[in-house]
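# Summary of the model geometry
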Amino acid sequence: MKTATRTRLQLLIFVAACCVSHFACAQFYFENNDGYRLWQKYDTIEDKVTRQQMREKLKTLNISGNSATTKIIREELKYALTGLLGHPPRLSQKLEDQQLIIGTPETLPKKVYSQLNPLEKLGEEGYRIRSLTVQGKNLTVIIGNSDTAILYGTYHLLRLIQTHTNISALNITEIPKIDIRVLNHWDNLDRHVERGYAGESIWDWHKLPDYKYQRYYDYARANASIGINGTVLNNVNANPDILRPEYLQKVAALAEVFRPYGIKVYLSINFSSPHIIGGLKTSDPLNSEVAQWWKSKADEIYQLIPDFGGFLVKANSEGQPGPGDFGRTHAEGANMLADVLEPHGGIVMWRAFVYANEKNEERSKQAYSEFKPLDGQFRKNVLVQSKNGPIDFQPREPISPLFGATPQTPIMMEFQITLEYLGLSTHLVYLGPLYEEVLNTDTGAKGKGSTVGKIIDGSLFNNTISGMAGVANIGSDRNWTGHIMLQSNWYVFGRLAWNHEQTAKDIANDWIRMTLTNDHETVNTISNMMMASRETTVNYMTPLGLHHIMGTGHHYGPGPWVNNLGRDDWNPVYYHRADSQGIGFNRSATGVNAIEQYHPELRQLYAKPETTPDEFLLWFHHLPWEYKMKSGKSLWDELTHHYYQGAENVKQMHKEWLKLESKIDPHPFNQVKMALEIQEQEAIWWRNACVLYFQQFSRLPIPSGLEKPQGTLAEYKAAQFPYAPGQGG
Ligand code: BDP
């Protein structure tokens, strides 16, 4: 071969090799940074000094115990520390050798755990992380009364490392404030996720029980890392088939995956199951055959899943069957189920999301009216699960008056993590501030300081059981939640369920550091963005207490004009009540008197427009367009300004994000950039459509200084989205 030809060939091979390796690298890079790893990325700590300091403390470790959970701890630490510190830690059996020791009182050397007593207060899930000196050696010890507890402690330590926190003098005690910390998956058996915007359900029912995706394990790892200890696998609009033997096998397979991570499985049940799949004539809870059917079903479940958590029930709500169909109360229905679960240690989570046209009572009042009189009638293993607000997961609602109304009945919180009413999965909305606002609201139920947080954690009324549920935003998208920033909502839900006294801001910072970057300035920019994002969304969607004015069915985009639905209280016009006189829903004593359901502190606050905080003004009052606001502006001007401010803030957020291009990995950077482009357009859509619609009634001009909305109201009204994702039915 001639030299020239050979050189050309070599060059060709070289170029081809470069292309292949570049392609391989690029592919690896993107796969690794596409959001799949959530907040458990464990990339090498770039700062050498920090890395070295951590490495010095974590060269050798010992995790005693031989359970599936301790095996997970070992694997997780090996994987995480190899990634974060660049070297695998050495597992050592000799105490003199060890730097990180993890165990329970049964498995730890006496010399170590005797310094950490007493441990009773930690319960089954609490843990301690302590820097200790034993025989002149500096150690880090993680101790708890169960393997799950030390798994939680391990994830806590990893969080400290991931966020570059100094770990040389640790003295941490963590005990969860709430017992049951569960995700609610509104997932159907055909893998459609009701109100899900991140692809199909992650549960592949067809391939279960034999085929178990890696994703199931990664789901469990992620949940355990934030203290979530339960998952309700299926939609509250429950298909009775879930209780058939073949499905229970599939449920058992998932339970087996989750068990070592401290996660129990629960099921949503259809109250008519005895009739539909059991062939009984009735599903009346007081019928002995029905009770017997449920008892056998419970026994069958516990045979397969000894630690099964229990049932979640949506009864007599939006067409779902329930005890009311047989003239029985919610308590009678719940207690029948509680009785069959009780011998196995199971619980019932009975939803308070009930409302019906026939009741002839304003919708926001119905849950309280139905459940308050039942206080004291529920079995000990029943929790009543209430949404945070009295209507339905709106961008902003006052708290449900049920919180604090039933001292003898534990009320469990139901938050929505998925953004059904806040832009599906293209709007960047961090829900931490919403959760925080709700949990910190003082109900006045037992004097000052009776916050919602203290009610749901059981401390205010000394309830023996407590719970918090989050309607999941998880799907089979590579990044799990459809928008990488929305992983933070899953994250903050778990962290607040563990301890509702943490701040949304601190949790956001942790999440950013673990998911996007540890660069201080960038963390601040993103965290400010996240913290402001919910208020921004309220502004361009439903400012000043407006609510439920979204498009029909899918709840995508504005639909304040909708007035043709089957029930009054499904129509946006029912909620905003705009007319030539003014706007808002009079729920004060001169109107439907919903305020009577609150304790005196809140009742007085909401009684008059002058005392009602602006953010709830139109929730409680119908006011003239010229009403003078606290700011001095007229109501119309204030409302319009909020809409414009919201849209403007999205524009700013978008601009800020673009400045981060060099600071964030390209993949997440681009994902968020694309979503922000959509959000910016949609915020303007919301603003224009709502301002033009309300202007028909106010007949007032757009305040000076604000641009005229483009488009016509007719055009906005004509837009249809029959295939918007996540719809129910
Ligand atoms: C509404 C949802 C609907 C749910 C219902 C519920 O639109 O899909 O089934 O809540 O919570 O917000 O039961």
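All figures in this text were calculated on a predicted structure; none of them were measured in a lab.

In this section: the overall build of the chain. Each helix and strand in the chain was counted, giving 22 helices and 16 strands. Relative to the compact-globule value of 27 Å for 729 residues, the chain shows a C-alpha radius of gyration of 27 Å, a close match. Counting across all 729 residues of the chain, residues that qualify as buried make up 60%. Contacts in the chain between residues at least 24 apart in sequence constitute 71% of all its contacts with a sequence separation of at least 6. If you sum the accessible surface of the chain, you get close to 28,600 Å²; carbon and sulfur atoms cover 51% of it.

Before going further, it helps to spend a moment on the packing of helix H12 (residues 432-439) against helix H14 (residues 487-498). One way to put it is that H12 packs onto H14 with a least axis distance of 9 Å and a crossing angle of 25°. Accordingly, the angle class assigned to the pair H12 and H14 is roughly parallel. As for how H12 packs across H14, the hand of that crossing is right-handed. Contact with H12, carried on its side by Gly432, Tyr435 and Leu439, involves Asn489, Val492, Phe493 and Leu496 of H14 and no other residues of that element. Looking at the contact of H12 with H14 residue by residue, the class counts come to five nonpolar, two polar and no charged.

A few words on the pairing of strand E12 (residues 382-387). Counting buried residues in E12 gives six out of six residues, a clear majority hidden from the surface. By the alternation rule, side chains of E12 split into Val382, Val384 and Ser386 and Leu383, Gln385 and Lys387, which are all buried. Here strand E11 (residues 347-351) pairs with E12 via four bridges, running parallel. Paired with Arg351 across the strands is Gln385, a residue of E12. Relative to strand E13 (residues 411-416), E12 runs parallel, the two being bridged by four bridges. Bridge assignment links Gln385 to a residue of E13, and that residue is Met412.

What follows deals with the domain arrangement of the chain. The assigned domain composition of the chain is domain 1 (47-174), domain 2 (180-508) and domain 3 (539-585 + 622-718). Averaged C-alpha coordinates put domain 1 and domain 3 at centres separated by 50 Å.

This brings us to the site of the ligand. What surrounds the ligand is a group of 14 residues, the closest being Glu194, Lys314, Lys387, Asp392 and Glu420. One of the side-chain nitrogen or oxygen atoms of Glu194 is found 2.4 Å away from an oxygen atom of the ligand. Separating an oxygen atom of the ligand from a side-chain N or O atom of Glu420 is a distance of 2.5 Å. Coverage of the ligand by the protein amounts to 96% of the 320 Å² it exposes when considered alone. Residues belonging to the shell around the ligand are distributed by class as follows: four nonpolar, two polar and eight charged.

Within a sheet, each strand pairs with its neighbour through backbone hydrogen bonds, oriented either parallel or antiparallel. Here six strands make up an open sheet; going across it, the order is E2-E1-E3-E5-E4-E6 and the pairing mixed. Both edges of this open sheet fall to strand E2 (90-91) and strand E6 (171-174), since each of them pairs with a single strand only. Alignment of strand E4 (residues 127-134) against strand E5 (residues 137-144), held across eight bridges, turns out to be antiparallel. Bridging from a neighbouring strand, Val134 pairs with Lys137 of E5. Contacts between helix H3 (residues 68-85) and the sheet are confined to strand E1 (60-63), E2 and strand E3 (100-103), with E1 contributing the most and set at about 160° to the helix. Here helix H5 (residues 147-162) sits on the sheet in contact with E3, E4, E5 and E6, set at roughly 130° to E5.

Turning our eyes to something else, we now look at the nonpolar core. Core analysis: the largest hydrophobic core is formed by 211 residues, its most contacted members being Phe258, Trp490 and Phe694. At twelve residues, helix H21 (residues 666-698) tops the list of elements feeding residues into this core.

Of note, Val354 is situated in the loop between E11 and helix H11 (363-371). Given a relative accessible area of 6%, Val354 falls into the buried group. Along the primary structure Val354 and Tyr36 are separated by 318 residues, whereas in three dimensions their C-alpha atoms are 37 Å apart. Residues within four places of Val354 in sequence aside, it is in contact with Ala315, Asn316, Ser317, His330, Gln366, Ala367, Glu370 and Phe371.

Moving on to the sheet that holds E12. Reading around the circumference, E7-E8-E9-E10-E11-E12-E13-E14 is the order of the eight strands in this closed barrel, with parallel pairing throughout. Taking the axes of each pair of neighbouring strands and ignoring which way they run, one obtains an average angle of 25° across the sheet. Here strand E9 (residues 264-269) runs beside strand E10 (residues 310-313); their pairing, made up of four bridges, is parallel. Looking across to E10, one finds that Tyr266 is bridged to Gly310. Sitting on the sheet, helix H7 (residues 245-258) touches strand E8 (230-232) and E9, and the angle it makes with E9 is about 150°.

The next thing to look at is H12. Of all eight residues in H12, seven are buried, a share of seventy percent or more. Along H12, the positions that sit buried rather than exposed are Gly432, Pro433, Leu434, Tyr435, Glu436, Val438 and Leu439. Each element contacted by the buried residues of H12 is listed here: E13, helix H13 (452-456), strand E14 (467-471), H14, helix H15 (504-515) and helix H16 (520-541).

Positionally, Ala578 belongs in the loop between helix H17 (572-576) and strand E15 (582-583). Relative accessible area serves as the criterion here: at 12%, Ala578 is assigned to the buried category. Taking the C-alpha atoms as reference points, Ala578 and Glu194, separated by 384 residues in sequence, lie 31 Å from one another. Those residues in contact with Ala578, other than ones at most four positions away along the chain, are Ile583, Trp625, Phe694 and Phe697.

Before going further, it helps to examine the pairing of E3. Side chains of E3 alternate between two faces, with Leu100 and Ile102 and Ile101 and Gly103 buried alike. Both E1 and E3 contribute to a ladder of three bridges, which runs parallel. Paired with Asn62 across the strands is Ile101, a residue of E3. Relative to E5, E3 runs parallel, the two being bridged by four bridges. By the bridge assignment, Ile102 is partnered in E5 with Ile142.

Moving on, we come to the pattern of salt bridges. Across all of its chains, the model carries 35 salt bridges by this definition. Close ionic contact of Arg221 with Asp218 constitutes a salt bridge, the shortest N to O distance being 3.0 Å. Placement of the pair is Arg221 and Asp218 together in helix H6 (residues 214-225), with a separation of three residues, close to one helical turn. A single burial state applies to Arg221 and to Asp218, both of which are buried. Taken together, the shared-partner salt bridges connect Arg396, Glu437, Arg534 and Glu535 into one network.

Definitions and cut-offs
- Residues numbered from 1 in each chain as written.
- Predicted model: local features only at pLDDT ≥ 70, side-chain atom pairs only at ≥ 80, totals over all residues.
- Heavy atoms only, no water.
- Helix = DSSP H or I, 4+ residues; strand = E, 2+ residues; numbered from the N terminus.
- Rg over C-alpha atoms; globule rule 2.2 N^0.38 Å.
- Buried < 20%, exposed > 50% of the residue type's maximum accessible area, 1.4 Å probe, protein only.
- Contact = heavy atoms within 4.5 Å.
- Areas by Shrake-Rupley, 256 points an atom, 1.4 Å probe, with all protein chains shown as cover.
- Axes fitted to C-alpha atoms, helices over the stretch in contact; angles between N-to-C directions.
- Parallel < 35°, antiparallel > 145°, perpendicular 65-115°, else oblique.
- Left-handed = near helix turned anticlockwise from the far one by under 90°.
- Nonpolar A, V, L, I, M, F, W, Y, C, P; charged D, E, K, R; others polar.
- Pairing = 2+ DSSP bridges.
- Domains from an automatic or database assignment.
- Near = heavy atom within 4 Å.
- Polar contact = N/O pair within 3.5 Å; in protein donor to acceptor, adjacent residues only side chain to side chain.
- Core = buried A, V, L, I, M, F, W, Y, C linked by side-chain atoms within 4.5 Å.
- Salt bridge = Lys/Arg side-chain N within 4 Å of Asp/Glu carboxyl O.

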